[in-house]
Amino acid sequence: MFFQRTIIRRVLPRQDSSHIVPRLCCISGKHPSIRSYHSYDHTPPPGPFTPIQSQILAAAQLHIPTHGFTMTSLSRGANDVGYIDATTNLFSDGSFSLVHYHLYSQRLALKSRLDQVLQDESHTVGFKVKALAWERLKGNTHVIHRWPEALALMALPSNIPVAMNELSSLVDEIWFLSGDVSVDTSWYTKRASLATIYTSTELFMTLDKSSDYNDTKQFLERRFEDTRSLGSAVRAISQWGSFNLNAIVNILRSRGARI
């Protein structure tokens, strides 16, 4: 006797794609995840650091101009807030934790400086994006002579996911704070273009010796003008990747790195 096997499949209703909001695939910590639209209407997710880690890292930031993004700065920060040197074992990423905290804290600080940066609400979204990008770059001025060390740490394979996640979060934050509400494909191209502009300007800034980094500010202005001629996000990402790879290598070589 033969038995006929009947396969019962559950039929799901077809999803209407008209209400789907674009999402940016990014990386949290060192594991991939999907991050939905940025919103202050909901409780933000917990930060990447514990209260004790944040306390030590905040204190350690004051030592970076002198000792760089090193374990020495981390140890000095721990001592400043009453912990012994062995407390640095809390940081599994070592000195890269200093870089991560700098990127994270400077990004969050943009919101608190929003009213100061954008005093006139009548400005266009494009003007606001440019102003916020420059404000974020100014957050590097006190450690810019140490930034090649940060670039070297971010270039390590184990640290790239976190560094890319912070870049993704930064450009998302800038567009959000600027009032951008686009939900079409431009949502992606705008962020890819801004990532191109920001990273290239950040690299330029490490070699800028002009007063108040005026040359860097002009470089930023030119990059925004150049972006208007970019044909697509693919071209922007390609340009960003090739430029940054060559620039990082050249900067590290100029600082004595054997690359």
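For the structure itself, consult the block above.
No experiment lies behind these values; they were computed from the predicted model shown. (Residues numbered from 1 in each chain as written. Predicted model: local features only at pLDDT ≥ 70, side-chain atom pairs only at ≥ 80, totals over all residues. Heavy atoms only, no water.)

(A) A look at the environment of Arg222. Mapped onto the elements, Arg222 comes out in helix H10 (residues 214-227). Looking at Arg222, the relative accessible area reads 40%, which means it is partly exposed. Each C-alpha atom of the pair Arg222 and Ile197 lies 9.4 Å from the other, and the pair is 25 residues apart in sequence. (Helix = DSSP H or I, 4+ residues; strand = E, 2+ residues; numbered from the N terminus. Buried < 20%, exposed > 50% of the residue type's maximum accessible area, 1.4 Å probe, protein only.)

(B) Representation of the packing of helix H6 (residues 125-138) against helix H8 (residues 160-177) in the model. H8 packs onto H6 with a crossing angle of 135 degrees between their chain directions and a minimal axis gap of 8 Å. Put simply, H6 runs oblique to H8. The chirality of how H6 crosses H8 is right-handed. Contacts between H6 and H8 involve Val125, Val129, Leu132, Ala133 and Arg136 from the former and Leu170, Ile174, Trp175 and Leu177 from the latter. (Axes fitted to C-alpha atoms, helices over the stretch in contact; angles between N-to-C directions. Parallel < 35°, antiparallel > 145°, perpendicular 65-115°, else oblique. Left-handed = near helix turned anticlockwise from the far one by under 90°. Contact = heavy atoms within 4.5 Å.)

(C) A look at the pattern of salt bridges. On inspection of all chains with the given rule, the structure shows nine salt bridges. Here Glu149 and Arg146 are joined by a salt bridge, their closest N and O atoms 2.8 Å apart. Owing to a relative accessible area of 28%, Glu149 belongs among the partly exposed residues under this scheme. For Asp226, the salt bridge goes to Arg223, with nearest N and O atoms at 2.4 Å. In this pair, Asp226 and Arg223 both sit in helix H10, three residues apart, roughly one turn of the helix. Residues joined in a network through salt bridges with shared partners are Asp172, Asp180, Lys190 and Arg191. (Salt bridge = Lys/Arg side-chain N within 4 Å of Asp/Glu carboxyl O.)

(D) Representation of the packing of helix H4 (residues 96-112) against helix H7 (residues 147-154) within the structure. One can describe the packing of H4 onto H7 by two numbers: an axis separation of 9 Å at closest approach and a directional angle of 105 degrees. In this view, H4 runs roughly perpendicular relative to H7, as classed from their interaxial angle. Mapping the contact onto sequence places Phe96, Val99, His102 and Leu103 in H4 and Trp147, Ala150, Leu153 and Met154 in H7. Along the lines of polarity and charge, the residues of the contact of H4 with H7 split into seven nonpolar, one polar and no charged. (Nonpolar A, V, L, I, M, F, W, Y, C, P; charged D, E, K, R; others polar.)

(E) Local environment of H4. In this model H4 runs 25 Å from its N-terminal to its C-terminal C-alpha over 17 residues, within 8% of the 24 Å that 1.5 Å per residue would give. The buried fraction of H4 amounts to 13 of the 17 residues, a majority that puts the element mostly inside the structure. (Expected span 1.5 Å × (residues − 1).)

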